[in-house]
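Read off the chains here:
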Amino acid sequence: AVRRYAAVTPQWWEDKTGRQLRKLGPVVGHLAMYLLTGPSATMTGMYFMPIDKIAYGMGYTEDAVREGLAALASIGYAEYDHDNEVVWVCDAALSQIGETVVPKDNRHGAIVKELSKFARMPLHARWLERYAKPYRLTDDGDGDAEHPSGGGTPTPPKPMQDQEQDQGQNKITP
């Protein structure tokens, strides 16, 4: 099912992230907004998205998109798994879902279902590291949690190859 809307607060432009994005240039800011609100975006912020599809949707070259993704990773806005063609907009779940979710909330089941697509991928483990506890996706002893990979504890994340790239703050041009 396609989302009918995405929440973006006016403060997005003025908070720390907005200020960082302005310093990185308009292409990076455009990419950040596209990844949060584009046609493939999800409430969890994690979804399959090949670089060529991003480039086509935005009207930029694939190299500009790769550079933009590296810039977004450098400020902790988004991460990209090149091997699996998966993007994770790190704070998307906070803005699209909220700070906490209980298992009785309908969004809880939707989160579990959405994340099951990415089980055993590096970004899945990173997502769980950040959101499993507030979204009650791990068993904390109350017996009412559900794990999105079908059970067990998430494996620790492996470093992404892209994190070894130059983390310079250069502006990106199309």
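Look up a bit, the structure's there.
Draft legend 1. Summary view of the pairing of strand β3 (residues 86–89). On β3, burial covers both faces: V86 and W88 on one face and V87 and V89 on the other are all buried. Both strand β1 (residues 46–48) and β3 contribute to a ladder of three bridges, which runs antiparallel. Bridge assignment links M46 to a residue of β3, and that residue is W88. Relative to β3, strand β2 (residues 78–81) runs antiparallel, the two sharing four bridges. Counted as the bridge partner of A78 is V89 from β3. Adjacent in sequence and paired antiparallel, β2 and β3 are bridged by four residues, among which E85 carries a positive phi angle near 55°.

Draft legend 2. Summary view of unusual backbone geometry. The backbone of E85 shows a phi angle near 55°, a positive value even though the residue is not glycine. Along the chain, the position of E85 falls in the loop between β2 and β3. The class for E85 is partly exposed, based on a relative accessible area of 38%. Positive phi, close to 55°, is recorded for R136, a residue that is not glycine. Tracing the backbone shows R136 in the segment after α7 (122–131).

Draft legend 3. Structural view of the sheet that holds β3. Pairing is antiparallel across the open sheet formed by three strands, whose spatial order is β1-β3-β2. Both edges of this open sheet fall to β1 and β2, since each of them pairs with a single strand only. Each adjacent strand pair in this sheet contributes to an overall mean axis angle of 15°, direction not counted. The sheet strands contacting helix α2 (residues 26–37) are β1, β2 and β3, and the helix crosses β3 at an angle near 100°.

Draft legend 4. Here's a closer look at helix α3 (residues 51–58). The complete set of buried residues in α3 reads I51, I54, A55 and M58. The arc that holds every buried residue of α3, seen down its axis, measures 100°, which confines them to one face. Lining the buried residues of α3 we find α2, α4 (62–74) and β2. Once α3 ends, the next one or two residues include G59, with phi positive near 80°.

Draft legend 5. The arrangement of the packing of α3 against α4 in detail. For the pair α3 and α4, interaxial distance at closest approach is 9 Å and the crossing angle is 105°. As the angle between them shows, α3 and α4 are arranged roughly perpendicular. Every residue of α4 that contacts α3 at I51, D52, I54 and A55 is listed here: E62, V65, R66 and L69. For the contact of α3 with α4, the class distribution of residues is five nonpolar, no polar and three charged.

Draft legend 6. Quick peek at the pattern of salt bridges. Evaluated as defined, the whole model comprises seven salt bridges. In this structure, the salt-bridge partner of R66 is D63, at a minimum N-O distance of 3.2 Å. Of the two residues, R66 and D63 are both situated in helix α4; the distance of three residues between them amounts to about one turn of the helix. A salt bridge links D91 to R130; its shortest N-O distance comes to 2.1 Å. With D91 in the loop between β3 and α5 (92–96) and R130 in helix α7, this residue pair connects regions lying 39 residues apart in the sequence. Since its relative accessible area comes to 37%, D91 is described here as partly exposed. The partly exposed category is assigned to R130, whose relative accessible area is 35%. When salt bridges with common partners are traced through the structure, they connect E62, D63 and R66 into a single cluster.

Cut-offs applied
- Residues numbered from 1 in each chain as written.
- Predicted model: local features only at pLDDT ≥ 70, side-chain atom pairs only at ≥ 80, totals over all residues.
- Heavy atoms only, no water.
- Buried < 20%, exposed > 50% of the residue type's maximum accessible area, 1.4 Å probe, protein only.
- Helix = DSSP H or I, 4+ residues; strand = E, 2+ residues; numbered from the N terminus.
- Pairing = 2+ DSSP bridges.
- Axes fitted to C-alpha atoms, helices over the stretch in contact; angles between N-to-C directions.
- Contact = heavy atoms within 4.5 Å.
- Arc of directions from axis to C-beta.
- Parallel < 35°, antiparallel > 145°, perpendicular 65-115°, else oblique.
- Nonpolar A, V, L, I, M, F, W, Y, C, P; charged D, E, K, R; others polar.
- Salt bridge = Lys/Arg side-chain N within 4 Å of Asp/Glu carboxyl O.

Interpretation in functional terms is not warranted from these geometric data alone.
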